[in-house]
Amino acid sequence: ETGVTQSPTHLIKTRGQQVTLRCSSQSGHNTVSWYQQALGQGPQFIFQYYREEENGRGNFPPRFSGLQFPNYSSELNVNALELDDSALYLCASSLNREDTQYFGPGTRLTVL
Amino acid sequence: AQSVAQPEDQVNVAEGNPLTVKCTYSVSGNPYLFWYVQYPNRGLQFLLKYITGDNLVKGSYGFEAEFNKSQTSFHLKKPSALVSDSALYFCAVRDIGDFNKFYFGSGTKLNVKP
């Protein structure tokens, strides 16, 4: 186990709703990255937070937003959910921006 | 842009035989390469990485990977496969020039048969 935890494990929402996913980073890690993994595909980078600031973003629209807290835990917020947002959302923490990323178990989001 | 390719969707191997899962990369500058494994309904587990140094990198669970600069490859290997190695394997490259973003391949499903 990596020590990275995510909640909830599963979530079902309907189109247009908003969702918040949570991640607790491994002890001592100050960097959190979020990924979206659609069925049958590799993870796609959403964004990274380093010391409470967004530090890089992938090709995702602004309705995907995040936060990192002083204890380095993080949230991913998705507004105006679309059917294509259905995926496994993975959080990864690292000791700093350059280090190996360690992944949590993921949150499975289903949008109906 | 950085990218990795995993040319095989699936690899089948008998238990006890050697296994190879292929990965090729395209990067500008020095490559920072990783292998992760994913079991069903689980997150990704780190196996090994290449940053610099020896071309043969040893990792967890008896896995190793060979970095080949001339062929731009980073194939994952294991001398003797176990049934428990059956999982989804991802190769990834880190773009140190772009906020250390990770780019993952599409994954290769490894099936080890008894």
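For the structure, see preceding data.
Only a predicted model underlies this, so the values are computations on that prediction, with no experimental measurement involved. (Residues numbered from 1 in each chain as written. Chains lettered and ligands numbered in written order. Predicted model: local features only at pLDDT ≥ 70, side-chain atom pairs only at ≥ 80, totals over all residues. Heavy atoms only, no water.)

Draft legend 1. Quick peek at the state of the cysteines. Per the stated rule, a full pass over the model turns up two disulfides over all chains. Here C23(A) pairs with C91(A) through a disulfide, and the sulfurs are 1.7 Å apart. In this pair, C23(A) sits in strand 3 (residues 19-24) while C91(A) sits in strand 9 (residues 87-94), placing the two residues 68 residues apart along the sequence. On the basis of relative accessibility, which here comes to 1%, the residue C23(A) falls in the buried class. Across the disulfide, C23(B) is cross-linked to C91(B) (sulfur-sulfur distance 2.0 Å). The sign of the -60 degrees torsion about the S-S bond sets the C23(B)-C91(B) disulfide as left-handed. (Disulfide = S-S within 2.5 Å. Helix = DSSP H or I, 4+ residues; strand = E, 2+ residues; numbered from the N terminus. Buried < 20%, exposed > 50% of the residue type's maximum accessible area, 1.4 Å probe, protein only.)

Draft legend 2. Expanded view of the packing of aromatic side chains. In this structure the tally under the stated criterion is 19 aromatic pairs over all chains. On the basis of an interplanar angle of 75 degrees and a centroid distance of 6.0 Å, the ring pair of F103(A) and F104(B) is categorised as edge-to-face. In this pair, F103(A) is assigned in strand 10 (residues 102-103) and F104(B) in strand 11 (residues 101-104), connecting two distinct chains. Just as F103(A) is buried, F104(B) falls in that class too. Ring plane angle 55 degrees and centroid distance 6.4 Å describe the contact between Y50(B) and F74(B), whose orientation is recorded as tilted. (Phe/Tyr/Trp six-rings, centres within 6.5 Å; stacked < 30°, edge-to-face > 60°.)

Draft legend 3. Broad picture of the nonpolar core. By size, the foremost hydrophobic cluster in this structure holds 26 residues, and its most contacted members are W35(B), L47(B), L48(B), F74(B), L76(B) and Y89(B). For this core, the leading source of residues is strand 10 (residues 87-95) of chain B, giving four residues. If sequence neighbours within four positions are ignored, L76(B) has contacts with L19(B), T20(B), V21(B), W35(B), L47(B), L48(B), F63(B), E64(B), A65(B) and Y89(B). Membership of the second largest hydrophobic core comes to 20 residues, among which are W34(A), L76(A), V78(A) and V111(A). (Core = buried A, V, L, I, M, F, W, Y, C linked by side-chain atoms within 4.5 Å. Contact = heavy atoms within 4.5 Å.)

Draft legend 4. Examining the side chain of Q68(A) more closely. All names here are of chain A. Within the secondary structure, Q68 is located in strand 7 (residues 64-68). On the basis of relative accessible area, Q68 is assigned to the buried category, the value being 5%. In terms of polar contacts, Q68 uses its side chain to reach the backbone amide nitrogen of R51, at 3.2 Å. Of note is the side chain of Q68, whose polar atom sits 2.8 Å from the backbone nitrogen of E52. If we ignore the near neighbours within four places in the chain, the residues touching Q68 are N30, T31, V32, Y49, Y50, R51, E52, E53, S73 and S74. (Polar contact = N/O pair within 3.5 Å; in protein donor to acceptor, adjacent residues only side chain to side chain.)

Draft legend 5. Structural context of the pairing of strand 4 (residues 31-37) of chain A. All names here are of chain A. Burial of strand 4 is extensive: seven of the seven residues sit out of reach of the surface. In strand 4, alternate side chains face the same way, and those of T31, S33, Y35 and Q37 on one face and V32, W34 and Q36 on the other are all buried. Bridge count between strand 4 and strand 5 (residues 44-50): six bridges; the pairing is antiparallel. The residue bridging V32 from the neighbouring strand is Y49, located in strand 5. (Pairing = 2+ DSSP bridges.)

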